[in-house]
Amino acid sequence: MAPKEQTLPDLPYDYNDLEPVISGEIMEIHHKKHHQAYVTNLNAALEKYADAEEKGDVTKMIQLQSAIKFNGGGHLNHSIFWTNLAPPSQGGGGEPEGALASAIDDTFGSFEAFKELFSSKTTAIQGSGWGWLCYSPTAERICVCTRPNQDPISDGGCVPLLGVDVWEHAYYLQYKNVRPEYVKAIWGIINWKNVAERYEAAIAS
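Caption draft 1: Geometry of the nonpolar core. In this structure, Ile 22, Leu 85, Phe 114, Leu 133, Ile 142, Tyr 182 and Trp 192 are the most contacted members of the largest nonpolar core, which totals 50 residues. When residues no more than four places from it in sequence are discounted, the contact partners of Leu 133 are Leu 100, Phe 108, Phe 114, Phe 118, Ile 142, Cys 143, Val 159, Pro 160, Leu 161, Leu 162 and Val 195.

Caption draft 2: Looking closely at the pairing of strand 2 (residues 141–148). Sheet analysis places strand 1 (residues 129–136) next to strand 2, joined by eight bridges and oriented antiparallel. Opposite Cys 134, over in strand 2, you have Cys 143 as the bridge partner. Taking the residues between adjacent antiparallel strands as the criterion, strand 1 and strand 2 are bridged by four residues, where Glu 140 takes a positive phi near 55°.

Caption draft 3: Region of the structure containing the packing of aromatic side chains. According to the stated counting rule, one finds 16 aromatic pairs in the structure shown. Each ring, one from Phe 114 and one from Trp 192, has its centre 6.4 Å from the other, and the planes form 70°; the classification is edge-to-face. Pair noted here: Phe 114 is in helix 5 (residues 111–123) and Trp 192 is in helix 8 (residues 192–204), with a separation of 78 residues, a long-range link. The class for Phe 114 is buried, based on a relative accessible area of 0%.

Caption draft 4: Highlighting helix 4 (residues 98–108). Leu 100, Ala 101, Ala 103, Ile 104 and Phe 108 are the residues of helix 4 that are buried. Looking straight down helix 4, one finds that the buried residues subtend no more than 160° of arc, so they occupy a single side. Those residues of helix 4 that are buried lie in contact with helix 5, strand 1, strand 2 and helix 8.

Caption draft 5: Layout of helix 5. In a regular helix each residue adds 1.5 Å, so 13 residues correspond to 18 Å; helix 5 covers 18 Å between its end C-alpha atoms and thus fits that length. Looking only at helix 5, the buried set comprises Phe 111, Phe 114, Phe 118, Ser 119 and Thr 122. For helix 5, the buried positions fall inside an angular range of 125° around the axis, keeping them on one side.

Caption draft 6: Examining a negative patch on the surface more closely. Among the surface-exposed residues, Glu 95, Asp 105, Asp 106, Glu 112 and Glu 116 lie close enough to one another that they form a single negatively charged patch. Those elements that provide at least two residues to the negative patch are helix 4 and helix 5. Relative to the helices and strands, Glu 112 is located in helix 5. Assessed through its relative accessible area of 48%, Glu 112 is described here as partly exposed.

The rules behind the values
Residues numbered from 1 in each chain as written. Predicted model: local features only at pLDDT ≥ 70, side-chain atom pairs only at ≥ 80, totals over all residues. Heavy atoms only, no water. Core = buried A, V, L, I, M, F, W, Y, C linked by side-chain atoms within 4.5 Å. Buried < 20%, exposed > 50% of the residue type's maximum accessible area, 1.4 Å probe, protein only. Contact = heavy atoms within 4.5 Å. Pairing = 2+ DSSP bridges. Helix = DSSP H or I, 4+ residues; strand = E, 2+ residues; numbered from the N terminus. Phe/Tyr/Trp six-rings, centres within 6.5 Å; stacked < 30°, edge-to-face > 60°. Arc of directions from axis to C-beta. Expected span 1.5 Å × (residues − 1). Patch = residues over 30% accessible without salt bridge, like charges linked within 9 Å, V, L, I, M, F, W, Y side chains within 5 Å. Areas by Shrake-Rupley, 256 points an atom, 1.4 Å probe, with all protein chains shown as cover. Salt bridge = Lys/Arg side-chain N within 4 Å of Asp/Glu carboxyl O. Lys, Arg positive; Asp, Glu negative; His and termini not counted. Charge placed at Lys NZ, Arg CZ, Asp CG, Glu CD.

Printed below as a string of C-alpha coordinates:
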(Lines give C-alpha, C1' and ligand atoms only; values in the text may rest on other atoms or scores of the structure.)
Protein backbone atom coordinates (compact mmCIF):
# COMPACT_ATOMS: atom_id res chain seq x y z
CA MET A 1 0.00 0.00 0.00
CA ALA A 2 1.44 3.36 -1.06
CA PRO A 3 1.98 5.86 1.79
CA LYS A 4 -0.13 9.02 1.84
CA GLU A 5 1.78 11.79 0.12
CA GLN A 6 2.68 14.70 2.40
CA THR A 7 2.30 18.21 1.00
CA LEU A 8 3.67 21.65 1.80
CA PRO A 9 0.99 23.61 3.70
CA ASP A 10 0.05 27.08 2.55
CA LEU A 11 0.95 29.95 4.86
CA PRO A 12 -1.98 31.81 6.48
CA TYR A 13 -0.33 35.13 5.48
CA ASP A 14 1.93 36.53 2.76
CA TYR A 15 5.70 36.13 2.95
CA ASN A 16 6.30 39.80 3.72
CA ASP A 17 3.50 40.12 6.31
CA LEU A 18 5.80 39.31 9.25
CA GLU A 19 8.19 42.18 8.49
CA PRO A 20 10.10 43.78 10.10
CA VAL A 21 10.47 40.85 12.53
CA ILE A 22 11.13 38.29 9.79
CA SER A 23 11.88 39.47 6.27
CA GLY A 24 9.87 38.33 3.29
CA GLU A 25 13.04 36.92 1.74
CA ILE A 26 13.68 34.68 4.74
CA MET A 27 10.05 33.54 4.89
CA GLU A 28 9.97 32.62 1.20
CA ILE A 29 13.24 30.69 1.34
CA HIS A 30 12.31 29.05 4.63
CA HIS A 31 8.91 27.91 3.37
CA LYS A 32 9.45 27.20 -0.33
CA LYS A 33 12.96 25.79 -0.07
CA HIS A 34 13.65 24.38 3.40
CA HIS A 35 10.20 23.14 4.37
CA GLN A 36 9.58 21.86 0.85
CA ALA A 37 12.83 19.89 1.04
CA TYR A 38 11.66 18.15 4.23
CA VAL A 39 8.38 17.25 2.53
CA THR A 40 10.09 15.98 -0.62
CA ASN A 41 12.64 13.91 1.30
CA LEU A 42 10.00 12.56 3.68
CA ASN A 43 7.84 11.35 0.80
CA ALA A 44 10.86 9.65 -0.78
CA ALA A 45 11.79 7.94 2.50
CA LEU A 46 8.22 6.79 3.14
CA GLU A 47 7.98 5.34 -0.36
CA LYS A 48 11.24 3.44 0.14
CA TYR A 49 10.04 2.26 3.54
CA ALA A 50 6.76 0.95 2.10
CA ASP A 51 8.69 -0.91 -0.59
CA ALA A 52 11.07 -2.42 1.99
CA GLU A 53 8.14 -3.40 4.20
CA GLU A 54 6.41 -5.11 1.30
CA LYS A 55 9.59 -7.06 0.59
CA GLY A 56 10.15 -7.86 4.28
CA ASP A 57 13.52 -6.09 4.21
CA VAL A 58 13.82 -5.26 7.91
CA THR A 59 17.42 -4.03 7.56
CA LYS A 60 16.35 -1.43 5.00
CA MET A 61 13.37 -0.45 7.15
CA ILE A 62 15.67 0.22 10.09
CA GLN A 63 18.09 2.21 7.93
CA LEU A 64 15.27 4.50 6.79
CA GLN A 65 14.17 5.40 10.33
CA SER A 66 16.60 8.31 10.70
CA ALA A 67 15.54 9.90 7.41
CA ILE A 68 11.87 9.57 8.33
CA LYS A 69 12.43 11.06 11.78
CA PHE A 70 14.54 13.98 10.51
CA ASN A 71 12.39 14.93 7.54
CA GLY A 72 9.11 14.03 9.22
CA GLY A 73 10.10 16.09 12.23
CA GLY A 74 11.04 18.99 9.97
CA HIS A 75 7.66 18.80 8.26
CA LEU A 76 5.69 18.58 11.52
CA ASN A 77 7.69 21.26 13.33
CA HIS A 78 7.44 23.79 10.52
CA SER A 79 3.73 23.11 9.98
CA ILE A 80 3.16 24.13 13.61
CA PHE A 81 5.63 27.04 13.45
CA TRP A 82 3.83 28.80 10.58
CA THR A 83 0.52 28.76 12.48
CA ASN A 84 2.22 29.93 15.70
CA LEU A 85 3.06 33.20 13.92
CA ALA A 86 0.83 36.05 12.77
CA PRO A 87 1.35 39.67 11.77
CA PRO A 88 0.17 42.19 14.38
CA SER A 89 -2.71 43.13 12.06
CA GLN A 90 -3.94 39.54 12.41
CA GLY A 91 -3.46 39.24 16.15
CA GLY A 92 0.27 38.59 16.42
CA GLY A 93 2.10 39.75 19.52
CA GLY A 94 0.68 40.84 22.84
CA GLU A 95 0.03 38.34 25.60
CA PRO A 96 -2.04 35.17 25.92
CA GLU A 97 -5.45 35.26 27.54
CA GLY A 98 -7.83 32.87 29.25
CA ALA A 99 -6.83 29.37 30.36
CA LEU A 100 -3.39 29.53 28.74
CA ALA A 101 -2.56 32.81 30.50
CA SER A 102 -3.60 31.29 33.82
CA ALA A 103 -1.50 28.18 33.19
CA ILE A 104 1.55 30.32 32.36
CA ASP A 105 1.11 32.39 35.54
CA ASP A 106 0.61 29.28 37.68
CA THR A 107 3.62 27.47 36.21
CA PHE A 108 6.16 30.25 35.69
CA GLY A 109 4.95 33.01 38.01
CA SER A 110 4.23 35.54 35.27
CA PHE A 111 4.21 35.96 31.51
CA GLU A 112 7.45 37.93 31.68
CA ALA A 113 9.12 35.16 33.69
CA PHE A 114 7.95 32.64 31.10
CA LYS A 115 9.33 34.74 28.23
CA GLU A 116 12.67 35.08 29.97
CA LEU A 117 12.95 31.33 30.59
CA PHE A 118 11.80 30.39 27.11
CA SER A 119 14.14 32.90 25.46
CA SER A 120 17.19 31.89 27.50
CA LYS A 121 16.72 28.16 26.94
CA THR A 122 15.97 28.58 23.24
CA THR A 123 18.87 30.95 22.62
CA ALA A 124 21.25 28.56 24.39
CA ILE A 125 20.55 25.60 22.09
CA GLN A 126 23.86 24.30 20.75
CA GLY A 127 23.83 24.19 16.96
CA SER A 128 20.40 23.82 15.38
CA GLY A 129 17.11 23.05 17.08
CA TRP A 130 13.81 24.27 18.48
CA GLY A 131 12.49 25.85 21.65
CA TRP A 132 9.02 24.68 22.71
CA LEU A 133 6.22 25.49 25.07
CA CYS A 134 4.49 22.17 25.41
CA TYR A 135 1.90 20.34 27.50
CA SER A 136 2.74 17.16 29.35
CA PRO A 137 -0.34 14.91 29.66
CA THR A 138 1.47 12.81 32.25
CA ALA A 139 2.32 15.74 34.51
CA GLU A 140 -0.83 17.65 33.49
CA ARG A 141 1.12 20.86 33.16
CA ILE A 142 2.88 23.05 30.63
CA CYS A 143 6.65 23.22 30.39
CA VAL A 144 9.48 24.71 28.33
CA CYS A 145 11.60 22.20 26.43
CA THR A 146 14.22 22.23 23.70
CA ARG A 147 14.99 19.70 21.00
CA PRO A 148 18.05 19.37 18.74
CA ASN A 149 17.86 19.35 14.96
CA GLN A 150 14.32 18.45 13.84
CA ASP A 151 13.49 16.01 16.64
CA PRO A 152 9.74 16.34 17.30
CA ILE A 153 8.65 17.27 20.81
CA SER A 154 6.17 14.38 20.76
CA ASP A 155 9.17 12.05 21.15
CA GLY A 156 9.11 12.91 24.83
CA GLY A 157 5.37 12.35 25.14
CA CYS A 158 4.54 16.07 25.11
CA VAL A 159 2.02 18.01 23.03
CA PRO A 160 3.55 20.96 21.09
CA LEU A 161 1.91 24.32 21.70
CA LEU A 162 4.46 26.93 20.60
CA GLY A 163 7.68 26.29 18.71
CA VAL A 164 10.48 28.68 17.76
CA ASP A 165 12.89 27.57 15.07
CA VAL A 166 16.50 28.51 15.83
CA TRP A 167 18.12 26.85 12.85
CA GLU A 168 20.26 29.51 11.17
CA HIS A 169 18.12 29.39 8.03
CA ALA A 170 15.28 30.87 10.12
CA TYR A 171 17.08 34.13 10.86
CA TYR A 172 20.68 34.40 9.58
CA LEU A 173 20.03 36.54 6.48
CA GLN A 174 18.54 39.21 8.73
CA TYR A 175 20.04 38.77 12.20
CA LYS A 176 23.40 37.24 11.20
CA ASN A 177 24.78 35.31 14.19
CA VAL A 178 22.88 37.34 16.80
CA ARG A 179 20.32 34.68 17.71
CA PRO A 180 19.18 36.48 20.92
CA GLU A 181 17.92 39.44 18.87
CA TYR A 182 15.84 37.13 16.66
CA VAL A 183 14.34 35.35 19.66
CA LYS A 184 13.60 38.69 21.35
CA ALA A 185 11.92 40.07 18.22
CA ILE A 186 9.77 37.03 17.48
CA TRP A 187 7.56 37.67 20.53
CA GLY A 188 6.04 40.51 18.52
CA ILE A 189 4.47 38.09 16.03
CA ILE A 190 3.43 35.12 18.21
CA ASN A 191 -0.13 34.03 17.43
CA TRP A 192 -1.38 33.49 20.98
CA LYS A 193 -4.86 32.59 19.76
CA ASN A 194 -3.38 29.61 17.93
CA VAL A 195 -1.24 28.60 20.92
CA ALA A 196 -4.27 28.87 23.24
CA GLU A 197 -6.35 26.69 20.92
CA ARG A 198 -3.61 24.05 20.95
CA TYR A 199 -3.48 24.21 24.75
CA GLU A 200 -7.25 23.83 25.14
CA ALA A 201 -7.26 20.87 22.74
CA ALA A 202 -4.38 19.26 24.64
CA ILE A 203 -6.01 19.47 28.07
CA ALA A 204 -9.32 18.24 26.65
CA SER A 205 -7.89 15.10 25.04
